[in-house]
Amino acid sequence: MKNVDDLIESAAELADRGLSKGEIADELNVSRETASWLVERSGTGSEATDTTAPAQATGGPADIHVDWSAIGRDSSRLAHMGSAMADMLEKHGEDVDLTIGIEKAGAPLATTVAGELDTDLGTYAPRKHQWEEGDIEDLGGSFSRNFAQIRDRQCYVVDDTITSGTTMRETVAAIREEGGEPVACIVLADKQGIDEIEDVPVYSLLKVISVGEE
């Protein structure tokens, strides 16, 4: 994606497919506020806006879009990224036997990490996937029953990006509520430069830092 207009067009397409604003944020690797702004700029659902014309977007929330589709669309590249992530985690020892991937994009990464570290695999669907507007605290996430369960085990947590840290913080809390112990978190790209969340160390292959005035 080359510019904001491309993001607006993508947001409109995702909204037309029925994705919530939280899911759109996940797909585009932007904050919920940015996703909401992109959808509103696209005029999706509004007869007053001609979505066939260039959006010529200006302003909007300060954010950084991370496009890692060149990795995601190639299984070999994805495996290499998973190997690098596993390498950063394995120093925590052999007692960790479960890797939790945050859906959607964190799940395939977690699969490769789990394979490298020989752990079971679980997935967590965060509450932002249900979010449209209003208080996200009224919503809840869930662990998939199709994969391994927490059951008082030590866990790694894997996602693609950290935008604000809210989803990672939610996942850590959810693991603890199930009796598990989150040992470390890892992402491809961290847009906040976070070193730890709720006393759990956070690692990333890339730290993306915006320099200058917003």
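Because the structure is a prediction, the values reported are computed rather than measured. All residue numbers refer to position in the chain's written sequence, counted from 1. Only residues with pLDDT of 70 or above have their local features reported here, since the model is predicted, and side-chain atom pairs are shown and tallied only from 80 upward, although totals for entire chains, interfaces and linings are computed over all residues. For the side-chain quantities, the full set of heavy atoms in the structure was used; hydrogens and water were omitted.

Draft legend 1. Up close: the pairing of strand E7 (residues 200-207). We treat two strands as partners when DSSP finds at least two bridges between them. A run of H or I in DSSP counts as a helix once it spans at least four residues, and a run of E counts as a strand once it spans at least two, with each numbered from the N terminus. Relative to E7, strand E5 (residues 181-190) runs parallel, the two being bridged by five bridges. The residue of E7 that forms the bridge with Val187 is Ser204. Bridge count between strand E6 (residues 196-197) and E7: two bridges; the pairing is antiparallel. Residue pairing in the sheet places Ile197 in a bridge with Val200 of E7.

Draft legend 2. Spatial organisation of the sheet that holds E7. Strand order across the open sheet formed by seven strands is E3-E2-E1-E4-E5-E7-E6, with mixed pairing between neighbours. Strand pairing shows two members of the sheet lacking a second neighbour, strand E3 (142-143) and E6, which therefore form its edges.

Draft legend 3. Just unusual backbone geometry, in detail. Going from Glu103 to Lys104, the amide bond is cis rather than trans, its omega being 5 degrees. Residue placement: Lys104 occurs in the loop between strand E1 (98-102) and helix H6 (106-117). Even without being glycine, Asp152 reaches a positive phi, approximately 65 degrees. Structurally, the position occupied by Asp152 is in the loop between E3 and strand E4 (154-162). Note on exposure labels: buried denotes an accessible area under 20% of the residue type's maximum, exposed denotes more than 50%, and partly exposed covers the range between, all computed with a 1.4 Å probe on protein chains only. In this structure Asp152 comes out as exposed when scored by relative accessible area, which is 64%. For Asp199, which is not glycine, the phi torsion reads 70 degrees and is therefore positive. Tracing the backbone through its elements, the reader meets Asp199 in the loop between E6 and E7.

Draft legend 4. Spotlight on the environment of Pro61. Summarising the element assignment, Pro61 is placed in the loop between helix H3 (32-42) and helix H4 (69-72). Accessibility expressed as a relative area gives 32% for Pro61, which makes it partly exposed. Along the primary structure Pro61 and Ser31 are separated by 30 residues, whereas in three dimensions their C-alpha atoms are 8.8 Å apart. In this analysis, two residues are considered to be in contact whenever any of their non-hydrogen atoms come within 4.5 Å of each other. Excluding anything up to four places from it in sequence, Pro61 contacts Glu33, Thr34 and Trp37.

Draft legend 5. A look at the pairing of E1. The element E1 is largely enclosed, with a buried count of five among its five residues. Looking at chain direction, E1 and strand E2 (residues 120-125) are connected through five bridges and run parallel. In the strand pairing of E2, Gly101 is matched with Thr123. Taking the sense of rotation as the criterion, the β-α-β connection linking E1, H6 and E2 turns out right-handed. Pairing between E1 and E4: four bridges, direction parallel. Across the sheet, the residue bridging to Gly101 is Val158, located in E4. We call a crossover right-handed when, viewed with the strands running away from us, the connection from the first strand over the helix to the second turns clockwise.

Draft legend 6. Spotlight on the packing of aromatic side chains. Centres within 6.5 Å make a pair out of two Phe, Tyr or Trp rings, where for Trp the six-membered ring is used; the pair is then stacked when the planes are under 30 degrees apart, edge-to-face when over 60, and tilted otherwise. In total, this model carries one aromatic pair according to the counting rule given. Plain terms: the ring middles of Tyr124 and Phe143 are 4.8 Å apart, the flat faces sit at 55 degrees to each other, and that makes the pair tilted. A residue pair is termed long-range when its members are at least 10 positions apart, and Tyr124 in strand E2 and Phe143 in strand E3 qualify at 19 residues. The residues Tyr124 and Phe143 share a single accessibility class, namely buried.

Draft legend 7. Representation of helix H7 (residues 166-177) within the structure. Taking 1.5 Å per residue as the helical rise, H7 with its twelve residues ought to reach 16 Å, and the 16 Å between its terminal C-alpha atoms agrees with that figure. Where H7 is concerned, the buried positions are Thr167, Met168, Glu170, Thr171, Val172, Ala174 and Ile175. A positive backbone phi angle near 90 degrees is found at Gly179, which sits one or two residues after H7. Between the first and last residue of a helix there are one fewer steps than residues, each counted as 1.5 Å, and that sum is the expected span.

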